[in-house]
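Chains, contacts and geometry: an overview
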Amino acid sequence: RDDAITAEINNNNNINDMNENKTKICETYKLAASPDERTPLPFPDATFDLVVSSMSFHWVNDLPRLLTEIERVLKPDGCLLFAL
């Protein structure tokens with residue numbers, strides 16, 4: 001199909017869009033819990049299109065602060081996907 005995107009994932013977890021001959025890199029960041037929850041996330045503003053959290057928000061003591069930080073690191077129209 002003309003509108004289908006053909007993708008190949010190589011050993012480095014790079015996603016190669018074969019239709020456009022462009023390389024898209026998909027990186028994953030896993031953050032360890034910090035004893036001081038006031039520490040900002042170690043990323044510049046508007047870094048991510050997507051932030052995913054699975055089974056961890058219930059451990060956060062200052063959820064409003066964390067959500068504010070997530071909003072800061074998300075690009076405009078970025079998405080937060082989480083499960084409790």
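Report on the accompanying structure. The shown structure was predicted, so the numbers you read here are calculated from the model rather than taken from an experiment. Once a new chain begins, its residue numbering starts again from 1 and follows that chain's sequence as written. pLDDT decides what is reported in this predicted model: residues at 70 or higher carry local features, side-chain atom pairs at 80 or more are listed and counted, and totals for whole chains, interfaces and linings draw on all residues regardless. Side-chain descriptors were evaluated using all non-hydrogen atoms of the structure, hydrogens and water having been removed beforehand.

In this description a helix means any DSSP run of H or I spanning at least four residues, a strand means any run of E spanning at least two, and both kinds are numbered starting from the N terminus. A count of helices and strands for the protein chain gives 1 helix and 5 strands. For the protein chain, the succession of helices and strands along the chain, N to C, is β-β-β-β-α-β. With a 1.4 Å probe rolled over the protein chains alone, any residue whose accessible area is under 20% of its type maximum counts as buried; one over 50% counts as exposed, and the rest are partly exposed. Counting every position in the protein chain, which comprises 84 residues, the buried fraction comes to 15%. Note on definitions: a residue-residue contact is assigned when non-hydrogen atoms from the two residues lie within 4.5 Å. Long-range contacts, defined here as pairs at least 24 residues apart, represent 52% of the contacts in the protein chain between residues at least 6 apart. Of the roughly 7,100 Å² that the protein chain leaves accessible, carbon and sulfur atoms contribute 54%. For every accessible area listed, the method is Shrake-Rupley and the probe measures 1.4 Å; residues are considered covered only by the protein chains on display.

Another point: unusual backbone geometry. A positive phi angle, close to 55°, is found at Ala-46, a residue other than glycine. Inspection of the secondary structure puts Ala-46 in the loop between strand 3 (22-25) and strand 4 (48-54). Relative accessible area serves as the criterion here: at 37%, Ala-46 is assigned to the partly exposed category. The backbone of Met-55 shows a phi angle near 60°, a positive value even though the residue is not glycine.

Now for the pairing of strand 4. Along a regular strand, successive side chains alternate from one face of the sheet to the other. Two strands are said to pair when DSSP picks up at least two bridges between them. Pairing of strand 4 with strand 5 (residues 74-83) involves 6 bridges; the strand directions are parallel. Paired with Leu-50 across the bridge in strand 5 is Cys-79. Crossover handedness is defined by viewing with both strands directed away from the observer: a clockwise path from the first strand over the helix to the second marks the crossover as right-handed. Where the polypeptide runs from strand 4 across helix 1 (residues 63-73) and back to strand 5, its parallel neighbour, the crossover connection is right-handed.

Working definition of a nonpolar core: buried Ala, Val, Leu, Ile, Met, Phe, Trp, Tyr and Cys residues. They are joined through side-chain atoms within 4.5 Å. In terms of nonpolar packing, the biggest core is built from 8 residues, these being Leu-41, Phe-43, Phe-48, Val-51, Phe-57, Ile-70, Val-73 and Leu-74. Elements represented by at least two residues in this core include exactly strand 4 and helix 1. When sequence neighbours within four positions are dropped, the list of residues in contact with Leu-74 reads Ala-46, Phe-48, Asp-49, Leu-50, Val-51, Cys-79 and Leu-80.

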